[in-house]
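# Remarks on the overall topology
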Amino acid sequence: MAEPVTVRSKDGSFMKMFIYNGKYYVAHFVGNVKDHLAAIETMEVREDDTFVLTYPKSGTHWAYNLAGMLRTGKTTYQGSPIFLDYTDIETINSLPSPRLLASHLTFDFMPKQLREGKGKVLTVLRNPKDVMSSLYTFVKKLDHPDFYERYQFSWDGLLEFFMDGKIVYGTWFDYVQNWDKVRREHKENNILYFIYEDMKQDLLSHVNKLAAFLGTSCEQDFLHKVTEKCTFKNMAIDATKAYTPSEQWKTISTNQQLPIYRKGEVGDWKNYFTVAQNEHFDEVYEEKMKNSMFSFRFV
Ligand code: A3P
């Protein structure tokens, strides 16, 4: 059963979360954490299920919309992801096929049937400096009173939590190492790996790959339309049109705006990291990523 915990940084920043088996969870994770994790593990997976798995702020909405458009054959904005983490199992079970689900949990926490090769996984990984900058600006935009009571931090404080893993979903480094392990050991071919920076460079080729992976229409005209609809600019416009305050965000945001589509760029971290923070980050990155199969562009 998850226990409440408060972590504090050197400069007095704090975050109130829940801890279970050494991992941190947000308050809106379903139930007591333990039972929901068990329900996810044993849930029935369908052949045409697609799971979008990401570390927070790595392009979850982007991947979700790409996969959703390809799955439905329509270029309609798909909205915010339905997260396994924050949705009870009865609701997940009652969703019509083909289901599109997201999670920030690592692959070892996914349903057993998915780990055995039933259903498909799309994962997007993003360079950690932009993840950190996106996370910082995202949480600063959340303006619900519940939020102020739980989280108060400076850039330095959040960076300390991010590096030490005193944060929901742990460190980015552990998350990517987890995927390295999966890439070495997983025998099924039901996982597709995308890198955010590569998607920015050439979205159309990723749309083609994803369509082939999902086994959906590979009609070039449609794939071009999906690519156009899923540029940062067009998704930001469509998300604003589609936003209603009654969406899931109402529990964390009162400002009536979806705090997701900010800049969608590679390299915005330069506006946040000090020279010293960047040097320290690079040292940690070198060490932790020396055996990784994944590589990232930072500019
Ligand atoms: P920034 O804050 O750097 O702008 P998630 O969906 O995992 O929460 O990730 C949000 C990040 O993905 C935000 O990054 C957001 O702008 C970016 N993003 C969303 N849609 C995008 C798109 N179509 N192209 C590029 N980046 C996108």
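One structure accompanies this document, and this report is about it. (Residues numbered from 1 in each chain as written. Predicted model: local features only at pLDDT ≥ 70, side-chain atom pairs only at ≥ 80, totals over all residues. Heavy atoms only, no water.)

## What about the pattern of salt bridges?
- Tallying each qualifying case throughout the model produces 13 salt bridges.
- Taking the shortest distance from any N to any O, the salt bridge between arginine 262 and aspartate 268 comes out at 2.9 Å.
- Salt bridges sharing partners connect three or more residues here, namely Lys229, Asp238 and Lys241. (Salt bridge = Lys/Arg side-chain N within 4 Å of Asp/Glu carboxyl O.)

## Considering the site of the ligand
- Taken together, 19 residues sit near the ligand, with Thr60, Ser134, Tyr196, Lys263 and Gly264 positioned nearest.
- Threonine 60 is positioned with one of its side-chain polar atoms (N or O) 2.5 Å from an oxygen atom of the ligand.
- One of the side-chain nitrogen or oxygen atoms of arginine 262 is found 2.8 Å away from an oxygen atom of the ligand.
- In isolation the ligand offers 570 Å² of accessible surface; the protein chains occlude 97% of this area.
- Breaking the shell around the ligand down by element, the ones donating at least two residues are α2 (60-72), α9 (196-201) and α12 (232-242).
- Ranked by the residues each element gives to the shell around the ligand, the list is headed by α2, at 3 residues.
- For the shell around the ligand, the class distribution of residues is 7 nonpolar, 7 polar and 5 charged. (Near = heavy atom within 4 Å. Polar contact = N/O pair within 3.5 Å; in protein donor to acceptor, adjacent residues only side chain to side chain. Areas by Shrake-Rupley, 256 points an atom, 1.4 Å probe, with all protein chains shown as cover. Helix = DSSP H or I, 4+ residues; strand = E, 2+ residues; numbered from the N terminus. Nonpolar A, V, L, I, M, F, W, Y, C, P; charged D, E, K, R; others polar.)

## Overview of helix α10 (residues 203-214)
- Over its 12 residues, α10 runs 16 Å from end to end, which matches the ideal 16 Å to within 8%, given 1.5 Å per residue.
- Taken as a whole, α10 has its buried residues at Leu203, His206, Val207, Leu210, Ala211, Phe213 and Leu214. For α10, the arc enclosing every buried residue in end-on projection is 160°, short of the 170-degree limit, so these residues lie on one face.
- After α10 finishes, the residue glycine 215 shows a positive phi value of roughly 70°. (Expected span 1.5 Å × (residues − 1). Buried < 20%, exposed > 50% of the residue type's maximum accessible area, 1.4 Å probe, protein only. Arc of directions from axis to C-beta.)

## Structural notes on the side chain of threonine 137
- Of note, threonine 137 is situated in helix α5 (residues 128-141).
- Polar contacts involving the side chain of threonine 137 include one to the side chain of arginine 262, which spans 3.1 Å.

## What to know about the packing of aromatic side chains
- Under the defined criterion, the tally for this structure stands at 23 aromatic pairs.
- With centroids separated by 5.8 Å and ring planes inclined at 45°, the aromatic side chains of phenylalanine 173 and phenylalanine 281 adopt a geometry described as tilted. In this pair, phenylalanine 173 sits in helix α8 (residues 172-185) while phenylalanine 281 sits in helix α13 (residues 275-289), placing the two residues 108 residues apart along the sequence.
- Look at phenylalanine 173 and you get buried, because its relative accessible area is 1%.
- Each residue in the set Tyr136, Trp155, Trp172, Phe173, Trp269, Tyr272, Phe273, Phe281, Tyr285, Phe296 and Phe298 is aromatic and connected to the rest through ring pairs, giving one cluster.
- The ring of phenylalanine 138 carries the charged tip of lysine 57 above its face, separated from the ring centre by 3.6 Å.
- Its end group placed over the ring of tryptophan 269, lysine 129 keeps NZ or CZ at 4.2 Å from the ring centre. (Phe/Tyr/Trp six-rings, centres within 6.5 Å; stacked < 30°, edge-to-face > 60°. Lys NZ or Arg CZ within 6 Å of the ring centre and 35° of its normal.)

## Concerning the sheet that holds strand β8 (residues 191-195)
- One open sheet accounts for 4 strands, arranged β5-β4-β6-β8; its pairing is parallel. Every other strand in the sheet has two partners, leaving β5 (100-103) and β8 as the edge strands with one partner each. Sheet twist, expressed as the average angle between the axes of neighbouring strands with direction ignored, equals 20°.
- With 5 bridges connecting them, strand β4 (residues 50-54) and strand β6 (residues 120-125) associate as parallel partners. The partner of leucine 53 across the bridge, within β6, is threonine 123. (Pairing = 2+ DSSP bridges. Axes fitted to C-alpha atoms, helices over the stretch in contact; angles between N-to-C directions.)

## Remarks on the environment of lysine 187
- As for its placement among the helices and strands, lysine 187 is situated in the loop between α8 and β8.
- As for lysine 187 and glutamate 116, which are separated by 71 residues in sequence, their C-alpha atoms are 8.6 Å apart.
- Only 3.2 Å separates the side chain of lysine 187 from the backbone oxygen of glutamate 185, close enough to count as a polar contact.

## Some thoughts on the nonpolar core
- The biggest cluster of nonpolar side chains holds 99 residues, and the ones touching the most others in it are Phe51, Phe162, Trp172, Trp179 and Leu210.
- When residues in this core are grouped by element, the largest group, 7 residues, is from α2.
- Ignoring anything within four residues of it in the chain, the contact list for tryptophan 172 reads Tyr55, Arg126, Pro128, Val131, Phe162, Tyr285, Met289 and Phe296. (Core = buried A, V, L, I, M, F, W, Y, C linked by side-chain atoms within 4.5 Å. Contact = heavy atoms within 4.5 Å.)

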